[in-house]
Amino acid sequence: MSVKDNHHIENDPQYKGLIVNAGVEKPDMVNNDSIQRFLKKKRKLLSVDEYVNGILKGDITLLSKAVTLVESSKAEHQQLAQQIIQKCLPHSGNSVRIGITGVPGVGKSTFIEALGKYLTNKGEKLAVLAIDPSSERTKGSILGDKTRMEELANDSHAYIRPSPSAGSLGGVARKTRETIILCEAAGYNIIFIETVGVGQSETAVHSMTDFFLLLMLAGAGDELQGIKRGIMEMADLITINKADGNNMEKAEMAKVQYRNAIHLFPAKDSGWAANVVTCSAYKKTGIDTIWEQIEKYRKQTVDNGYFFRKRNEQATYWMYETIEEQLKRNFYDHPDIKMKLKLLENYVLTDQMSSFVAATELLNTYAKLK
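Here the structure is a predicted model, which is why all the values come from computation and not from measurement. (Residues numbered from 1 in each chain as written. Predicted model: local features only at pLDDT ≥ 70, side-chain atom pairs only at ≥ 80, totals over all residues. Heavy atoms only, no water.)

All right, on to the nonpolar core then. Membership of the largest hydrophobic core comes to 52 residues, with the highest contact counts inside it found for Ile98, Phe111, Phe192 and Leu213. Top contributing element to this core by residue count: strand β5 (residues 211–216), with six residues. Setting aside residues no more than four positions away along its own chain, phenylalanine 111 makes contact with Ile100, Leu213, Leu215, Thr239, Cys279, Ala281, Ile287 and Ile290. Counting residues in each nonpolar core, the second largest holds 30 residues, with Val52, Leu63, Ile84 and Met208 among its members. (Core = buried A, V, L, I, M, F, W, Y, C linked by side-chain atoms within 4.5 Å. Buried < 20%, exposed > 50% of the residue type's maximum accessible area, 1.4 Å probe, protein only. Helix = DSSP H or I, 4+ residues; strand = E, 2+ residues; numbered from the N terminus. Contact = heavy atoms within 4.5 Å.)

Turning to a nonpolar patch on the surface, a few remarks are in order. A cluster of nonpolar side chains, contributed by Met319, Tyr320, Ile323 and Leu327, occupies part of the molecular surface with about 410 Å² of accessible area. Within the secondary structure, leucine 327 sits in helix α13 (residues 306–333). Assessed through its relative accessible area of 51%, leucine 327 is described here as exposed. (Patch = residues over 30% accessible without salt bridge, like charges linked within 9 Å, V, L, I, M, F, W, Y side chains within 5 Å. Areas by Shrake-Rupley, 256 points an atom, 1.4 Å probe, with all protein chains shown as cover. Salt bridge = Lys/Arg side-chain N within 4 Å of Asp/Glu carboxyl O.)

Throughout the structure, instances matching the rule amount to seven aromatic pairs. Considering the side-chain rings of phenylalanine 211 and tyrosine 297, the 5.0 Å spacing of their centres and the 75° angle between planes classify their relative orientation as edge-to-face. Residue phenylalanine 211 is found in strand β5, and its partner tyrosine 297 is found in helix α12 (residues 287–303); the two are separated by 86 residues along the sequence. Accessibility classification places phenylalanine 211 together with tyrosine 297 in one group, the buried group. Look at phenylalanine 331 and tyrosine 366: their rings are 5.0 Å apart centre to centre, the planes differ by 75°, and that puts the pair in the edge-to-face class. A residue pair is termed long-range when its members are at least 10 positions apart, and phenylalanine 331 in helix α13 and tyrosine 366 in helix α15 (residues 355–369) qualify at 35 residues. Look at phenylalanine 331 and you get buried, because its relative accessible area is 10%. In this structure tyrosine 366 comes out as buried when scored by relative accessible area, which is 12%. Among the aromatic residues, those joined into a ring-pair cluster are Phe211, Trp272 and Tyr297. Against the face of tyrosine 188 rests lysine 125, its NZ or CZ located 4.5 Å from the ring centre. (Phe/Tyr/Trp six-rings, centres within 6.5 Å; stacked < 30°, edge-to-face > 60°. Lys NZ or Arg CZ within 6 Å of the ring centre and 35° of its normal.)

Bridge count between strand β6 (residues 237–240) and strand β7 (residues 275–278): four bridges; the pairing is parallel. Opposite threonine 239, over in β7, you have valine 277 as the bridge partner. (Pairing = 2+ DSSP bridges.)

Let us look at helix α8 (residues 176–185). Within α8, ten of the ten residues are buried, which leaves it mostly tucked inside the rest of the structure. Of the residues making up α8, those classed as buried are Thr176, Arg177, Glu178, Thr179, Ile180, Ile181, Leu182, Cys183, Glu184 and Ala185. Looking at the residues trailing α8, positive phi occurs at glycine 187, about 100°.

The subject of this paragraph is the pairing of β5. Among the six residues that make up β5, six are buried, leaving the element largely enclosed by the rest of the structure. What you see with β5 is no split at all: Phe211, Leu213 and Leu215 on one side and Phe212, Leu214 and Met216 on the other are buried throughout. Bridge count between β5 and β6: four bridges; the pairing is parallel. In the strand pairing of β6, leucine 214 is matched with isoleucine 238.

Right, let's get into unusual backbone geometry. Look at lysine 242: it is not a glycine, yet its phi comes out positive at around 60°. Looking at the secondary structure, you find lysine 242 in the loop between β6 and α11 (248–262). Residue lysine 284 is not a glycine yet carries a positive backbone phi of 60°. You can see lysine 284 is positioned in the loop between β7 and α12.

In total, this model carries ten salt bridges according to the counting rule given. For aspartate 210, the salt bridge identified is with arginine 311, shortest N-O distance 2.7 Å. Of this pair, aspartate 210 sits in the loop between α9 (203–206) and β5 while arginine 311 sits in helix α13; the two residues are 101 residues apart in sequence, bridging distant segments of the chain. On the accessibility criterion, arginine 311 (10% relative accessible area) is buried. Lysine 299 serves as the salt-bridge partner of aspartate 303, at 3.0 Å between the closest nitrogen and oxygen. Separated by four residues within a single helix, aspartate 303 and lysine 299 lie in helix α12, roughly one turn from each other.

Have a look at this one:
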């Protein structure tokens, strides 16, 4: 019997001399009234002008809220986000955008903090857009970049925004490019984009940055086989990290190997000859040399016109990417497509129809709906 029944078998007349008092009923672990009040209480959305004015004034809180709208999948938030971006657009484009990638364990976060502190100490304003991998099972991300960059996170001249990759190409968050625009409008003149890791799809990073920096390790096996050739061809600077202590000699040897390798690659349209340098993010050595390389690249590409030509090409590229994304979303969100998709999926699974025929029939159905 439960306590709630207020009955104990020991109180039965047959058990003389035994009396057990009724217990106190256990209260609920959670106050349901509080839950309902919390669910009904919605965060108040500000007006477009309030967000924009806050961003232009460098208000970190409003910038973060605007970025959250950009990353949201809600139609209401997306509509508001696009209006904010449109008004911030004239105030953007005044930064140097640097993509940073590298093999797992290379020390990207430590490197970014070392280079970031070097820049903020020079009076620069830095925004770090760190892309964290999302779990394929839970769709969640740790988003621990602020913890790994504790010193930079407390710097008033730096803004760190970790975002989940959400399964997007190359570990680049779907709305990273729009976030860059907001950060530039907020006055950040240097933007770092830290990617999930190395892979052939890192071209997505290259398509939204001005300078592509590749971090490598020495002594981790055959250096020239440790990374895809395509990534090395895209890199404007290869940096061998952890060049300190007993690893100094290995780092210098790796530098020679990589320099010999990149001379075999085709010349870049930018006219820039990629270089290989060594550094120690932990010891903070070689950081100034890296920034000198980035400044030389920017000056050379601005002078020869490549810098802004590349920006224009990137804007066009992302327009087409957005078109494809919207078409895909509209396709899968259509109720008729959802219903027929399940039917055709069953045909494919039971070998009644090939994947190609099923896909063609579904596309034909969508074309008639339009």
